[in-house]
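Okay, here's what each chain looks like letter by letter:
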Amino acid sequence: MSTSDQRPFDVLVLGSGVAGLSAAVHAARSGSSVAVLTKGALAQSTTRFAQGGVAAALAEPDSPALHEADTLTAGAGLCDVDAVRVLVTEGPGRVRELIEFGAAFDRTGDVATAPLALAREGGHSLARVVHAGGDATGAEIERALVAAVRATAADVREGWFTVDVLVEGGRCGGVRAIDPSGAMVDVRAHHTILATGGAGQLFAVTTNPALSTGDGIAMALRAGVAVADVEFMQFHPTALDHPSMPRPLLSEALRGEGAVLRDDQGVAFMADEHPLGDLAPRDVVARAITRRLIDRGLTHLWLDATSITDFTRRFPTIRRACEEVGLDPTRQWLPVAPAAHYLSGGVATDLDGATTLPGLWAVGEVACSGVHGANRLASNSLLDGLVFGPRAVEAIHRSKDRADTSGVLRGLLPVAPPIAPATPDRDGDADGRVDKLRTALQLEMTKNAGVMRTAASLREAAEAIEAISVEADLLATDAPEAWELRNLCIGARALVTSAAAREESRGTHWRSDHPSTSSEYRGRFAIMGGDIRFVPLPADSPEPHR
Ligand SMILES: Cc1cc2nc3c(=O)[nH]c(=O)nc-3n(C[C@H](O)[C@H](O)[C@H](O)COP(=O)(O)OP(=O)(O)OC[C@H]3O[C@@H](n4cnc5c(N)ncnc54)[C@H](O)[C@@H]3O)c2cc1C
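Rules and cut-offs
- Residues numbered from 1 in each chain as written.
- Predicted model: local features only at pLDDT ≥ 70, side-chain atom pairs only at ≥ 80, totals over all residues.
- Heavy atoms only, no water.
- Phe/Tyr/Trp six-rings, centres within 6.5 Å; stacked < 30°, edge-to-face > 60°.
- Helix = DSSP H or I, 4+ residues; strand = E, 2+ residues; numbered from the N terminus.
- Buried < 20%, exposed > 50% of the residue type's maximum accessible area, 1.4 Å probe, protein only.
- Near = heavy atom within 4 Å.
- Polar contact = N/O pair within 3.5 Å; in protein donor to acceptor, adjacent residues only side chain to side chain.
- Areas by Shrake-Rupley, 256 points an atom, 1.4 Å probe, with all protein chains shown as cover.
- Nonpolar A, V, L, I, M, F, W, Y, C, P; charged D, E, K, R; others polar.
- Pairing = 2+ DSSP bridges.
- Axes fitted to C-alpha atoms, helices over the stretch in contact; angles between N-to-C directions.
- Contact = heavy atoms within 4.5 Å.
- Expected span 1.5 Å × (residues − 1).
- Arc of directions from axis to C-beta.
- 1 Å grid on protein atoms, 1.4 Å probe; cavity = no way out; pocket = protein on both sides within 12 Å on 5 of 7 lines; lining within 4 Å.
- Points joined across faces, edges and corners; volume = space filled by probe spheres on them.

Draft legend 1. A look at the packing of aromatic side chains. For the structure on display, the rule yields 5 aromatic pairs. For the ring pair phenylalanine 203 and phenylalanine 235, a centre distance of 5.2 Å and an interplane angle of 80 degrees mean the geometry is edge-to-face. Of this pair, phenylalanine 203 sits in the loop between β10 (184-194) and α5 (215-222) while phenylalanine 235 sits in strand β12 (residues 233-240), and the two are 32 residues apart along the sequence. Accessibility classification places phenylalanine 203 together with phenylalanine 235 in one group, the buried group. Look at tyrosine 521 and phenylalanine 534: their rings are 6.3 Å apart centre to centre, the planes differ by 80 degrees, and that puts the pair in the edge-to-face class. Separated by 13 residues along the polypeptide, tyrosine 521 in the loop between α13 (480-501) and β19 (523-528) and phenylalanine 534 in strand β20 (residues 531-536) bring together distant segments of the chain.

Here it is as structure tokens:
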């Protein structure tokens, strides 16, 4: 049985990472009644783990046009050009606004007026990445936005787990959530913004924290709301393989300073894989490692960074992360494995973040706004949240009520009527089954739907997901952990279905049985109401130029 909160909020924000907090602060500052529901503490998010920074064309000789070109190149022909243009033109203003909210980015001198320090990252044609505390950018952004939201009248509800969106009269009327006492409560709102982040927890090895379980994507799918591009999970090749959660990243910069990947026999293998050896592109390195893990039944290979002489000065954060798990990188090889890092697809939106369900918006990593295409450009995801969170709020304030045929929704609208999800009453104990099933699902996804996929491996994954889903649905508990498990099953099914349908390799989706990119697949697979649909890109979309 659920109870209901009395008043509908103007704007209900689900999630408190960069996207949700940016939306909340804009909505609350402009006088709307706002509630923020988040399943952990307000400052808990993937955002706070972000390291490198935020990409934006902030100073000459950079320009939005150059940033756009780099983003389109990384996206391997599947970006929505209009969405990318929104990202790169509105991005610099949103970064400046964040500085006004109190975020302290690193500068080239000691005074606050010194120019911002700009770093260059892979795929960027020039230095355009602002950062904070060296490699602690996300923590500073989260700190500044939490403080900005706390300074408003927004009703912040920590420890509230959103289960489903409420669908009434063909539109979203709020959400059903589990409050901190375990009671089911309906929270009503005129507009609901999904900002629930990504789904790295679909895999056994991930850089994402335990909260990244794709809840928003599962909620959308249960309500018949369109989801697109979910086969495009970006894997980082070298995460530390250790049970700590999330997995610490061992940056490419280590290999730039001379670290070498070694197999289980100690052999340095990358020179045989690519002319750039250990500095080959991320997806090439991830595949080379994965092939060996599968062939030899291993969980990790090794990164030998013992030749780096000034490790502590050069990589203080990595040194600390290694020490925390009892490893000394100056003397020991580090166990590494590719880790699920960023989901480029998600809930399909127009250029304002509106989804196919009127009254429901999606922003940040949970969304598929079209800015990332088949492969996210480094440091574009924090920017995505900073731009599209406020943009959704501005559209709400313009009285926009439903999606238009722009962005990813071009060619996708109209869609079948939404579904009102039913929340059965379950009141029991799962007796440790939730953890076991979650682990089984993650291992299956890593083995058969991870870095390298084939029709056969995806078929195997699909069968295992179905078996785990049946068990997850039968669990007699309504605890948030059980919902996370069910959500992971729904996300896994969507990813595997899309990956099986895309019989080509493109961006972060690698099919070893279809290793080429095919113009036939220049479009998106969208899932809604249990069906998968292919939506070709408009004929005037720029070709990939890699
Ligand atoms: C190690 C690491 C390094 C990274 N480095 C960078 C970088 O340098 N630059 C960059 O641009 N990107 C980086 N990224 C990616 C970037 O951090 C994320 O894409 C971005 O922070 C996502 O923001 P978000 O607001 O969409 O979601 P999140 O920050 O994940 O926030 C989601 C929120 O939703 C809440 N939530 C989820 N489900 C529910 C539910 N059912 N009910 C209620 N609340 C819920 C969560 O508790 C959380 O508060 C990195 C990611 C990782 C993991």
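Draft legend 2. View of the site of the ligand. As a structural note, the neighbourhood of the ligand is formed by 37 residues, with Thr47, Gly52, Gly53, Glu365 and Ser381 the closest of them. The side chain of serine 381 places a nitrogen or oxygen atom 2.7 Å from a nitrogen atom of the ligand. Out of a free accessible area of 1000 Å², the ligand has 97% covered by protein chains. Of all the elements in the fold, those that place two or more residues in the shell around the ligand are α1 (18-29), β3 (34-38), β8 (161-168), α5, β15 (334-343) and α10 (381-397). Partitioned by chemical class, the residues of the shell around the ligand number 12 nonpolar, 21 polar and 4 charged.

Draft legend 3. Structural context of the sheet that holds β15. The 4 strands are arranged β12-β15-β14-β13 in an open sheet whose pairing can be described as antiparallel. Pairing within the sheet leaves two strands with one partner each, and these edge strands are β12 and β13 (260-262). When strand polarity is set aside, the average angle formed by the axes of neighbouring strands in this sheet is 45 degrees. Along the sheet, helix α7 (residues 282-296) makes contact with β12, β13, β14 (301-304) and β15, crossing β12 at roughly 70 degrees.

Draft legend 4. Examining the sheet that holds strand β5 (residues 118-119) more closely. Pairing within the open sheet is antiparallel, and its 3 strands lie in the order β4-β6-β5. Every other strand in the sheet has two partners, leaving β4 (54-55) and β5 as the edge strands with one partner each. Where β5 meets strand β6 (residues 129-130), 2 bridges bridge the pair, whose relative direction is antiparallel. Opposite leucine 118, over in β6, you have valine 130 as the bridge partner.

Draft legend 5. Focus on helix α12 (residues 455-474). For α12, built from 20 residues, the straight-helix expectation of 28 Å at 1.5 Å per residue is met to within 8% by its first-to-last C-alpha distance of 29 Å. Listing the buried residues of α12 in full gives Ser457, Leu458, Ala461, Ala464, Ile465, Ile468, Ser469 and Ala472. The buried residues of α12 all sit within an arc of 145 degrees when viewed along its axis, so they share a single face. Seen from the buried face of α12, the exposed residues on the opposite side, beyond 90 degrees, are Arg459, Glu463, Val470 and Leu474. Buried residues belonging to α12 abut α11 (433-448) and α13.

Draft legend 6. Inspection of empty space enclosed by the protein at higher detail. Inspection of every chain in the model, using the stated rule, returns 3 cavities of 30 Å³ or more. Roughly 50 Å³ of volume is contained in the second largest cavity. Considering the residues around the second largest cavity, the lining is formed by Ala199, Leu202, Ile217, Val230, Leu343, Gly491, Ala494 and Leu495. If one sorts the elements of the lining of the second largest cavity by residue count, α13 sits on top with 3 residues. The residue inventory of the lining of the second largest cavity, partitioned by class, reads 7 nonpolar, 1 polar and no charged.

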